[in-house]
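Listed below are the residues making up each chain.
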Amino acid sequence: MSYLERAEKLGLDIDALKQGKKIDTEISIGDIDKYREIFAADVTDKQRNEFSQNLQTKSFIKEERYIDADQMIRLMDYVYGTHQLTDSDRSYSEHMFPVRARITAADNLDITTDETAGPAAAPWVINAGTLTFNGGSVTAITTQLTLAADNLVIQSGGGNQYHVGIMGAKGATGETGNSGSTYSSAAAQGGYGGEASPGICTSSHEGGTGADGGDGGTGGTGKIGKNGIANMPATITIRAYASSNVSPFVISTMSGEGGTGGTGGTGGAGQTGGKGGKGCDTGCEGENGGTGGAGGTGGDGGPGGPGGNGTDGNDIVVNFPQSAATMYQPNSQAAAPGDGGDGGAGGDAGSGGAGGEGGKHHDDGQPGSGGKSGNDGQQGDPGTLSGAPGSFIPNFTN
């Protein structure tokens, strides 16, 4: 299908395109059959068979992380693969349409900057008579892309190591663990020194020592990082490759890396030691106040949560001239599992309790010693599985 034929199917102004105008607009796609016609018109039967076979091996099939994930997979398989819609599938699809799609079209379309769509942007069609990469690139992050050009010219790349990138998205970071338990009040106060007999402190005791503060609670474990989000399928159709090109056409893909584990919860603060008891204080006599209790140790920080797993990527369908096959350069990279989360901070040390008041002509008690801070939690384990990149499914045309 030529650029103008595709533009006509998209309902674009053909006269404007012939006059050299660039069109960047949105259209409404009313149903899944029209969607298939727009985004997968160039997929051959052989490519459809391979897409369907590969789809059944993807890690996200087993995850079922989304509501109605199995139905969404069947619709994808219909658009790019060989699945035939059942009445139930078609009924389900009706709830998803109409869909808005972005259309960028021009007789001569220059890519001079690094353009990115997504994450999860509207599906995007790039349709050009001559598509020239001149200091730029196109990246689709978890966004469906169809790129078609009657002629491709490569002058220079942009800031990325590719001309077209089909990418997934990193999974979300896990939630922070719960904080360790703390105390709402100080430990128990020491007892009163007492009177040997009414009005007499002789032979009485100093105020009692305050109780030691309790230790703070250990922080909770950080939550697991979310698994990566797969790149969406894409179709790329190049009808002719300019003979003047000396650089290859580079298409790269990587699916979504696993999210980082959540940070461990902060340890609870140690309890404040109990205040020393008051020394005997009666008549003209007194005794020293009691020593304050030692502060409690802060709770240890919780361990970081485990990282999420990388997820497998969706396939990319490519149609490219056989005469320029050596200039077609697909690159793919596995999506790494996420790092484990940082351990939570140790809890604050509890303060020593205040010394008790001294009786007449005697000293207040000494304050209790401060507690120790809790230890920081251990870093969480990384995720265990990488995500395989989507396969490139090429068809070399005459």
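Residues numbered from 1 in each chain as written. Predicted model: local features only at pLDDT ≥ 70, side-chain atom pairs only at ≥ 80, totals over all residues. Heavy atoms only, no water.

What to know about the overall build of the chain
The condition that has to hold: Every helix listed is a DSSP run of H or I at least four residues long, and every strand listed is a run of E at least two residues long, numbered separately from the N terminus. Radius of gyration means the value over C-alpha atoms here, while the globule rule gives 2.2 Å times the residue count to the 0.38 power. Each residue's exposure class comes from its accessible area (1.4 Å probe, protein chains only) as a fraction of the maximum for that residue type: buried when under 20%, exposed when over 50%, partly exposed otherwise. Two residues form a contact once any of their heavy atoms are found within 4.5 Å. Method for areas: the Shrake-Rupley scheme with a 1.4 Å probe, in which residue coverage is limited to the protein chains shown.
Counting secondary structure elements, the chain contains seven helices and 14 strands. The C-alpha radius of gyration computed for the chain amounts to 35 Å, which surpasses the reference 21 Å derived for 398 residues by more than 25%, pointing to a less compact arrangement than a globule. When its C-alpha atoms are laid out on the principal axes, the chain stretches across 115 × 50 × 35 Å. The buried share among the 398 residues of the chain stands at 49%. Contacts spanning at least 24 positions in sequence make up 80% of the contacts within the chain whose residues lie at least 6 apart. Entry remark: accessible area of the chain is about 17900 Å², with carbon and sulfur atoms responsible for 46%.

Structural notes on the nonpolar core
Basically, it comes down to this: Buried Ala, Val, Leu, Ile, Met, Phe, Trp, Tyr and Cys residues form a nonpolar core when they are joined through side-chain atoms within 4.5 Å.
Residues L12, I29 and F39 are the most contacted members of the largest nonpolar core, which totals 34 residues. Only α1 (3–9), β1 (23–29), α3 (32–39), α4 (45–55), α6 (69–80) and β2 (99–111) provide two or more residues apiece to this core. Beyond its immediate stretch of four places on either side in the chain, F39 contacts I29, Y80, A101, P123, W124, V125, Q144, T146 and T235. Judged by nonpolar contacts, the second largest core, of 31 residues, contains L109, A117, L145 and I251.

Re the sheet that holds β1
Condition: Note: two strands are recorded as paired if DSSP finds a minimum of 2 bridges between them. Fitted lines through C-alpha atoms serve as axes, helices being fitted only where they are in contact, and the angles separating the N-to-C directions of these axes extend from 0 to 180 degrees.
In space, the seven strands of this open sheet follow the order β1-β2-β4-β6-β8-β12-β14, with mixed pairing throughout. The open sheet has two edge strands, β1 and β14 (392–397), and neither has a second partner. In this sheet, neighbouring strand axes are inclined to one another by 20 degrees on average, regardless of whether the strands run parallel or antiparallel. When β1 meets β2, the two strands line up antiparallel, connected through seven bridges. From the neighbouring strand, T25 faces β2, where its bridge partner is I103.

Comments concerning the side chain of N245
We apply this condition: Any pair of N or O atoms that falls within 3.5 Å is considered a polar contact. Within protein, one atom must be able to donate a hydrogen and the other to accept it, and sequence-neighbouring residues count only if both atoms are side-chain atoms.
By the secondary structure assignment, N245 is in the loop between β8 (234–238) and β9 (249–254). Using a relative accessible area of 8% as the deciding quantity, one classes N245 as buried. There is a polar contact of 3.0 Å between the side chain of N245 and the backbone oxygen of L152. A polar contact of 2.8 Å, which involves the side chain of N245, links it to the backbone nitrogen of I154.

Notes on the environment of M96
Mapping M96 onto the fold places it in the loop between α7 (87–93) and β2. For M96, a relative accessible area of 32% translates into the label partly exposed. Separated by 64 residues in the primary sequence, M96 and I32 place their C-alpha atoms 8.7 Å from one another. Residues within four places of M96 in sequence aside, it is in contact with M72 and L75.

Things to note about the packing of α4 against α6
We apply this condition: Angles are sorted into four bins: roughly parallel if under 35 degrees, roughly antiparallel if over 145, roughly perpendicular if 65 to 115, and oblique for all others. Note on convention: near helix rotated counterclockwise from far helix by under a right angle means a left-handed crossing. Clockwise means right-handed. Ten residue types, Ala, Val, Leu, Ile, Met, Phe, Trp, Tyr, Cys and Pro, are classed as nonpolar, four, Asp, Glu, Lys and Arg, as charged, and the remainder, Gly among them, as polar.
Between α4 and α6, whose axes approach to 9 Å, the crossing angle comes to 160 degrees. Considered as vectors, α4 and α6 are oriented roughly antiparallel to each other. By crossing handedness, the relation of α4 to α6 is classed as right-handed. Contacts between α4 and α6 pair R48, F51, S52 and L55 from the former with I73, M76, D77, Y78, V79 and Y80 from the latter. Across the contact of α4 with α6, the residue classes break down as seven nonpolar, one polar and two charged.

Focus: the packing of aromatic side chains
Filter applied, for reference: The criterion for an aromatic pair is that two Phe, Tyr or Trp rings (for Trp, the six-membered ring) have centres within 6.5 Å, with stacked assigned to planes under 30 degrees apart, edge-to-face to planes over 60 apart and tilted to the rest. Placement of a positive charge over a ring is assigned whenever Lys NZ or Arg CZ falls within 6 Å of the ring centre and within 35 degrees of the normal to the ring plane.
The full count for this structure, using the stated rule, is eight aromatic pairs. Ring plane angle 40 degrees and centroid distance 5.6 Å describe the contact between F320 and Y328, whose orientation is recorded as tilted. Just as F320 is buried, Y328 falls in that class too. An angle of 75 degrees between the planes, with centres 5.7 Å apart, marks the rings of Y328 and F396 as edge-to-face. With Y328 in strand β13 (residues 328–333) and F396 in strand β14, this residue pair connects regions lying 68 residues apart in the sequence. Through successive ring pairs, a cluster of aromatic residues spans F133, Y241, F249, F320, Y328 and F396. In this arrangement the basic side chain of R36 is found over the ring face of Y78, its NZ or CZ atom lying 4.7 Å from the centre.

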